[in-house]
Amino acid sequence: MKFVKGLSEAERRTLLDASRYAPWPRFRQRSHAVLLSSKRCSLVQLADIFEVGRDTVSGWLKSWEQQGLLVLRDQEHPGRPRKGTEEDREWLCETIKDAPHQLRVLCERFEERTESALSRDTVRRWLKEKGLRWKRCRRSLKEKRDPAGFLEGKRILDAFHEREAAGELDVFYLDESGFSSRSCVPYVWQIKGETLRLPANVPGRTNVIGFLNRDNEAYFHTVDGAVTHQKIMASMNSFVRSRNPEKLTVVVMDNASVHRKAVAEAGWEWLGQRVWAWFLPAYSPELNRIEILWEKIKYEWLPWAAYQCFETMRSALGEIFENLGGKYRVNFA
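Brief notes about the overall build of the protein
1) Next: What the protein contains, in helices and strands, is 12 helices and 5 strands.
2) Next: Relative to the 2.2 N^0.38 estimate, which gives 20 Å for 333 residues, the radius of gyration of the protein is 34 Å and therefore markedly larger than a compact globule would have.
3) Next: C-alpha atoms of the protein, sized along the principal axes, occupy 100 × 55 × 45 Å.
4) Next: Split into buried and exposed, the 333 residues of the protein put 38% on the buried side.
5) Next: Long-range pairs, those at least 24 residues apart, make up 66% of the contacts in the protein between residues at least 6 apart in sequence.

Okay, here's the thing in structure tokens:
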């Protein structure tokens, strides 16, 4: 039967510290095995304690006797040579731009180029090593807008907010959004092997016309059916009546046709009550601050129960609208 020979007090203390505090798990395990062996634990017992083979434990003890403590640490392993060259990785990063959604095409082109097969898993790993990520593509209208007009619109908005901070005027953002149990399918944490399901084809939809300022002061108007310029006018008229005519209020809105038509028909009347409609530069939705509110509601604030039926959706929306500025806040910093 094999045991570690008698340890000195210094060796025992060193092994004890290594088994407790060493940052490498296997080093702690092997140090502990040497200590137990010195206390007459057999190879069979140690193999059972550490759930390894008897020959494995024997090798640990032999290494300790021949070379001491440091040999119990894992040694460097060179591993398999890295597949492909840096030039191959650079080529992949350039070629993926032609078909960013099809790894199969990339693998085929690589094989044509090098006469060497490449798996999709390897391609994914190489692309991640070069900083690429698989994520959802977004539709954008940025290419259609005038950059100079966008910057000028941003400058004007900044000027509005400076005057708002000075108490000279109020700035509200207007927009509309639709809500239904089918409008947004949320991502949720789910147990592996199980799928959380939502009812399909749930009828009902409500459209909301909203006004929001940077202090989370808001006005909402629920609309049944499509949003027309008459409904925009009706919601604006209600909003105008709520405003203090002693202070100018600027209502910022995008260039939707229903907004343009409503302002063309009633803009002068609103201006007479010191409410002025100002249009954002074309194709600049990120300048409309109320878009952040719609995103928060749909992707963060609506509870899971809201997606079960249309009535729970409407109830959840009402609770959010009533508590905006308190329980629910948008940070525009």
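Describing the nonpolar core
1) Next: Leu 157, Val 252, Leu 293, Ile 297, Trp 301 and Leu 302 are the most contacted members of the largest nonpolar core, which totals 32 residues.
2) Next: In this view, Val 252 contacts Leu 157, Val 171, Phe 172, Tyr 173, Leu 174, Trp 278 and Leu 280; residues no more than four positions away in its chain are not counted.

Here's the deal with the sheet that holds strand β5 (residues 275-279)
1) Next: Taken in spatial order, the 5 strands of this open sheet run β3-β2-β1-β4-β5, and their pairing is mixed. A single partner strand is all that each edge strand has here, and the edge strands are β3 (218-223) and β5. Across the sheet, the mean angle separating the axes of adjacent strands is 25 degrees when strand polarity is ignored.
2) Next: Looking at chain direction, strand β2 (residues 206-212) and β3 are connected through 6 bridges and run antiparallel. Its bridge partner lying in β3, Val 208 is registered against Thr 222.
3) Next: Here helix α8 (residues 147-165) sits on the sheet in contact with β1 (169-179), β4 (248-253) and β5, set at roughly 120 degrees to β1.

A few points about the pattern of salt bridges
1) Next: For the structure on display, the rule yields 19 salt bridges.
2) Next: One salt bridge in this structure joins Arg 145 and Glu 286, with 2.6 Å as the shortest N-O distance. Taken together, the positions of Arg 145 in the loop between α7 (120-129) and α8 and Glu 286 in the loop between β5 and α11 (290-301) put the pair 141 residues apart, joining distant regions of the chain.
3) Next: On the accessibility criterion, Glu 286 (39% relative accessible area) is partly exposed.

Remarks on helix α10 (residues 257-272)
1) Next: With 16 residues, α10 should cover 22 Å at 1.5 Å per step; its first-to-last C-alpha distance of 23 Å lies within 8% of that length.
2) Next: The largest bend in α10 comes to about 65 degrees, at Ala 266.
3) Next: Restricting attention to buried positions, one finds in α10 the residues Val 258, His 259, Ala 262, Val 263, Ala 266, Gly 267 and Trp 270.
4) Next: Packed against the buried residues of α10 are β1, α9 (229-242), β4 and β5.

Description of the environment of Ile 96
1) Next: Structurally, the position occupied by Ile 96 is in the loop between α5 (86-95) and α6 (103-114).
2) Next: Relative accessible area serves as the criterion here: at 7%, Ile 96 is assigned to the buried category.
3) Next: Taking the C-alpha atoms as reference points, Ile 96 and Arg 243, separated by 147 residues in sequence, lie 55 Å from one another.
4) Next: Those residues in contact with Ile 96 that sit more than four places away from it in its chain are Leu 103, Leu 106, Leu 127 and Leu 132.

Looking at the pairing of β1
1) Next: A large share of β1 lies buried, amounting to 11 of its 11 residues.
2) Next: Both faces of β1 are covered, namely the face carrying Leu 169, Val 171, Tyr 173, Asp 175, Ser 177 and Phe 179 and the face carrying Asp 170, Phe 172, Leu 174, Glu 176 and Gly 178.
3) Next: As paired strands, β1 and β4 are joined by 5 bridges and run parallel to one another. Across the sheet, the residue bridging to Tyr 173 is Val 252, located in β4.
4) Next: Of the strand pairs in this sheet, β1 and β2 are connected by 7 bridges, and their pairing is antiparallel. The residue bridging Tyr 173 from the neighbouring strand is Leu 212, located in β2.

Quick look at unusual backbone geometry
1) Next: Despite not being glycine, Glu 51 shows a phi value in the positive range, around 55 degrees.
2) Next: Tracing the chain through its elements places Glu 51 in the loop between α3 (43-50) and α4 (54-67).
3) Next: In this structure Glu 51 comes out as exposed when scored by relative accessible area, which is 72%.

Notes on the packing of α3 against α4
1) Next: Where α3 contacts α4, the axes come no closer than 8 Å and their chain directions differ by 105 degrees. On the basis of the axis angle, α3 is roughly perpendicular to α4. Every residue of α4 that contacts α3 at Leu 43, Val 44, Leu 46, Ala 47 and Phe 50 is listed here: Arg 54, Val 57, Ser 58, Trp 60 and Leu 61.
2) Next: Grouping the constituent residues of the contact of α3 with α4 by class yields 8 nonpolar, 1 polar and 1 charged.

The rules behind these values
Residues numbered from 1 in each chain as written. Predicted model: local features only at pLDDT ≥ 70, side-chain atom pairs only at ≥ 80, totals over all residues. Heavy atoms only, no water. Helix = DSSP H or I, 4+ residues; strand = E, 2+ residues; numbered from the N terminus. Rg over C-alpha atoms; globule rule 2.2 N^0.38 Å. Buried < 20%, exposed > 50% of the residue type's maximum accessible area, 1.4 Å probe, protein only. Contact = heavy atoms within 4.5 Å. Core = buried A, V, L, I, M, F, W, Y, C linked by side-chain atoms within 4.5 Å. Pairing = 2+ DSSP bridges. Axes fitted to C-alpha atoms, helices over the stretch in contact; angles between N-to-C directions. Salt bridge = Lys/Arg side-chain N within 4 Å of Asp/Glu carboxyl O. Expected span 1.5 Å × (residues − 1). Bend = angle between axes of the 7 residues up to and from the residue. Parallel < 35°, antiparallel > 145°, perpendicular 65-115°, else oblique. Nonpolar A, V, L, I, M, F, W, Y, C, P; charged D, E, K, R; others polar.

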